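# Examining the three-dimensional arrangement
So you can see what is in the structure, the chains are spelled out below.
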Amino acid sequence: MKNSLSLEDIYNLAYTTLTKGGSCSEQAEAVAQTILSAEKDGSVSHGLFRLPGYFNSLKSGKVNLNPNPSLHKVTKAVLKCGGDRSFAPLIHKMYLNELIKSTKDIGIGVLSIQRVAHFASLWPETETLAENGLIGIACTSYLPVVSPFGASEKLFGTNPISFAWPRKTNNPLVFDMATSSLALGDVQIAARDGHELPVGAGIDANGNATTDPNQVLEGMLLPFGGYKGSHLSMMIELLAGPLVGETTSDTTEENNIDDGGPPLGGQFILAMSPEIISGLDDWDKNAETFINKLSNLKGVRMPGKRRHINRTSLENIEVNSDLLNKIYSL
Ligand code: NDP
């Protein structure tokens, strides 16, 4: 069963639930906006579906109700943010502009974020950078739910990475993906809705292949693309963990409060100015030729296309009724 909600209803429901959970208004606004953007773009597993988890992490005390994040400009290129146990969208709202300003000035910039709870898609942050004429790369780790290639033991998070390329007269080109075969939210939704997973998505607790989402939730996911996806996931553990002075997914778990919400960890965001790095005013010329050639190839579907179509066409969103009842009960 599904209920139809307007975009305004979705924002208000998210904002009210978060403030009832005790969050200050600024943090609730940032997270509600992120939830709304996900629903608007049809990113179901990172919209309202995440709201009970956000709420639980406020109630358990893991996430600060009134965080006081800080930004330290270590060098012109390195901005170091202490998240003060906040939800990541608050940090993006507060500091992405600083990253944009310094990157436009010197060509490259890193926003290194500590003590933050990331429970959302990553395209909102990379797309914002690209809408401001910059290339963006962002990644974060999670909790150990993925077995490295060859092992039957959880070590990696679902470790998403997003890349955005700016375009002068088009929407930015953006991809945003977990480096596991599936995002965990999609496995949870498949379990809720009684769907099988694709072959190769995960293994049970004994290391046997299975397409049963419940068995995978008790067992573990696999990286996408065999050992190659496994290596990318390893890279993300290092960039979003030790590089920003934070834990990797396995050590994140040691101090995590298991409240169903996001763990506290790090995020790595890299911004680059194509104009300054290429030294060309028409830096986009070759890129546009390439992107157009790629998108015109028969059979190719460009990343971000689904989201951008949804964004301009979805006015009312169909939301799972059980999820809504769960949210109302909060
Ligand atoms: P998908 O596999 O759905 O999509 C990955 C990318 O590929 C998207 O950019 C998507 O574009 C594109 N794409 C999808 N289908 C096709 C196709 N048939 N042909 C060409 N391109 C395609 O994403 P995931 O399930 O891996 O991840 C979902 C979300 O989960 C991400 O936003 C990620 O950031 C988030 N996540 C967050 C975590 C966290 O800890 N915060 C952890 C793990 C994941 P489009 O969007 O247009 O469909």
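Everything below is about the structure printed above this text.
These lines cover the structure that appears in this document, whether it is placed above or below. (Residues numbered from 1 in each chain as written. Predicted model: local features only at pLDDT ≥ 70, side-chain atom pairs only at ≥ 80, totals over all residues. Heavy atoms only, no water.)

## Looking at the overall build of the protein chain
Cut-off, in case you're wondering: A run of H or I in DSSP counts as a helix once it spans at least four residues, and a run of E counts as a strand once it spans at least two, with each numbered from the N terminus. For the radius of gyration, the atoms used are the C-alpha atoms, and the globule rule reads 2.2 Å times the number of residues raised to 0.38. Relative accessibility decides the category of a residue: with a 1.4 Å probe and only protein chains considered, values under 20% of the type maximum give buried, values over 50% give exposed, and everything between is partly exposed. Contacts are residue-level and defined by heavy atoms, with any inter-residue pair within 4.5 Å sufficient. To measure how exposed things are, a 1.4 Å probe is used in the Shrake-Rupley method; for residues, cover is taken only from the protein chains shown. Positive charge is attributed to Lys and Arg, negative charge to Asp and Glu, and no charge count is given to His or to the chain ends. We put the charge of a Lys on NZ, of an Arg on CZ, of an Asp on CG and of a Glu on CD.
What the protein chain contains, in helices and strands, is 13 helices and 12 strands. A compact globule built from 330 residues would reach a C-alpha radius of gyration of about 20 Å, and the protein chain, at 19 Å, matches this within 12%. Expressed as a percentage of the 330 residues in the protein chain, the buried residues total 52%. In the protein chain, 69% of the contacts between residues at least 6 apart in sequence involve partners at least 24 apart. Carbon and sulfur atoms form 53% of the exposed surface of the protein chain, whose accessible area is close to 15,200 Å². Averaging the coordinates of the 28 positive side-chain charges in the protein chain and doing the same for the 35 negative ones gives two points 5 Å apart.

## What to know about the packing of aromatic side chains
Keep this limit in mind: Aromatic rings from Phe, Tyr and Trp, with only the six-membered ring used for Trp, were paired whenever their centres fell within 6.5 Å, and each pair was classed as stacked if the ring planes differed by under 30 degrees, edge-to-face if by over 60, and tilted otherwise.
Taken as a whole, this structure holds six aromatic pairs when the rule is applied. Ring plane angle 85° and centroid distance 5.4 Å describe the contact between Tyr54 and Phe119, whose orientation is recorded as edge-to-face. Taken together, the residues Tyr54 in helix α3 (residues 51-59) and Phe119 in the loop between β4 (108-117) and α5 (123-131) connect sequence positions 65 residues apart. With respect to burial, Tyr54 and Phe119 carry one shared label: buried. Judged by centre distance (6.2 Å) and plane angle (65°), the rings of Trp165 and Trp283 are edge-to-face. In this pair, Trp165 sits in strand β6 (residues 161-165) while Trp283 sits in the loop between α10 (274-278) and α11 (284-296), placing the two residues 118 residues apart along the sequence.

## Looking at the pattern of salt bridges
Going by this rule: One side-chain nitrogen of Lys or Arg within 4 Å of one carboxyl oxygen of Asp or Glu is enough to make a salt bridge.
For the structure shown, the criterion picks out 12 salt bridges. A salt bridge links Glu246 to Arg115; the nearest nitrogen and oxygen atoms lie 2.8 Å apart. Of this pair, Glu246 sits in the loop between α8 (226-240) and α9 (249-254) while Arg115 sits in strand β4, and the two are 131 residues apart along the sequence. Among the salt bridges present, the one from Arg307 reaches Glu127, with a minimum N-O distance of 3.0 Å. A residue pair is termed long-range when its members are at least 10 positions apart, and Arg307 in helix α12 (residues 305-313) and Glu127 in helix α5 qualify at 180 residues. For Arg307, a relative accessible area of 5% puts it in the buried group. In this structure, a network of salt bridges that share partners links the residues Asp41, Glu127, Arg307 and Arg311.

## Remarks on the site of the ligand
Threshold: Any residue with a heavy atom positioned within 4 Å of a molecule or strand is treated as near that molecule or strand. The definition of a polar contact used here is a pair of N or O atoms within 3.5 Å, where within protein one atom must be able to donate a hydrogen and the other to accept one, and adjacent residues in sequence count solely through side-chain atom pairs.
The full set close to the ligand counts 21 residues, and His46, Ser121, Asp176, Ala178 and Arg306 are the nearest of them. Between Leu122 and the ligand, the recorded distance is 3.2 Å, taken from a backbone N or O atom to an oxygen atom. With respect to the ligand, the side chain of Asp176 contributes an N or O atom lying 2.5 Å from an oxygen atom. When the ligand is considered free in solution it has 920 Å² of accessible area, and contact with the protein chains removes 74% of it.

## Re the nonpolar core
Condition: Working definition of a nonpolar core: buried Ala, Val, Leu, Ile, Met, Phe, Trp, Tyr and Cys residues. They are joined through side-chain atoms within 4.5 Å.
With 40 residues, the main nonpolar core has Ile35, Leu48 and Tyr54 as its most contacted residues. Mapped onto this core, the elements with two or more residues apiece are α1 (7-20), α2 (25-40), α3, α6 (184-193), β12 (316-320) and α13 (321-329). Looking at which element gives the most residues to this core, the answer is α2, with five residues. Excluding its chain neighbours within four sequence positions, the residues that come into contact with Tyr54 are Leu18, Val31, Ile35, Phe87, Phe119 and Ala120. Counting residues in each nonpolar core, the second largest holds 17 residues, with Ala88, Leu99, Ile100 and Leu122 among its members.

## So, α5
Within the sequence span of α5, burial applies to Trp123, Glu125, Thr126, Glu127, Leu129 and Ala130. Looking one or two residues beyond α5, the residue adopting positive phi is Gly133, at roughly 85°.

## Things to note about the sheet that holds strand β3 (residues 78-87)
For the record, the criterion: A pair of strands is considered paired only if DSSP assigns at least 2 bridges between the two. The axes used here are C-alpha line fits, helices contributing only the stretch in contact, and every angle between their N-to-C directions lies in the interval 0 to 180 degrees.
Taken in spatial order, the seven strands of this open sheet run β2-β3-β4-β11-β5-β6-β7, and their pairing is mixed. The sheet is open, and its two edges are formed by β2 (70-73) and β7 (173-177), each paired on a single side. Along the sheet, successive strands turn relative to each other by an average axial angle of 10°, direction set aside. Bridge count between β6 and β7: five bridges; the pairing is antiparallel. Within the sheet, the bridge partner assigned to Ile161 lies in β7 and is Met177.

## Considering the environment of Met272
With respect to the helices, strands and loops of the structure, Met272 is situated in strand β11 (residues 264-272). C-alpha of Met272 to C-alpha of Ala130: the two residues are 142 residues apart in sequence and 9.5 Å apart in space. Beyond its immediate stretch of four places on either side in the chain, Met272 contacts Thr103, Gly107, Ile108, Leu134, Ile135, Ile137 and Ile277.

## Points about empty space enclosed by the protein
Threshold: Here the term cavity refers to a set of points on a 1 Å grid, laid over the protein atoms alone, in which a 1.4 Å probe fits but cannot get out; the term pocket refers to an open set having protein on both sides within 12 Å along at least five of seven lines, with lining residues being those that place an atom within 4 Å of a point. Grid points are joined across faces, edges and corners, and a volume is the space filled by probe spheres set on the points. Think of it as three bins: nonpolar holds Ala, Val, Leu, Ile, Met, Phe, Trp, Tyr, Cys and Pro, charged holds Asp, Glu, Lys and Arg, and polar takes everything else, Gly as well.
Evaluation of the coordinates by the stated rule reveals two cavities of 30 Å³ or more. Estimated volume of the largest cavity: approximately 80 Å³. Every residue along the wall of the largest cavity is listed here: Val116, His118, Thr140, Ser141, Tyr142, Thr252, Pro263, Leu264, Gly265 and Gly266. Taken together, the residues that form the lining of the largest cavity break down as four nonpolar, six polar and no charged. In this model, the second largest cavity occupies a volume close to 30 Å³. When residues of the lining of the second largest cavity are traced back to their parent elements, those giving at least two are α4 (88-106) and α5. A class-by-class count of the residues in the lining of the second largest cavity yields three nonpolar, three polar and one charged.

Interpretation in functional terms is not warranted from these geometric data alone.
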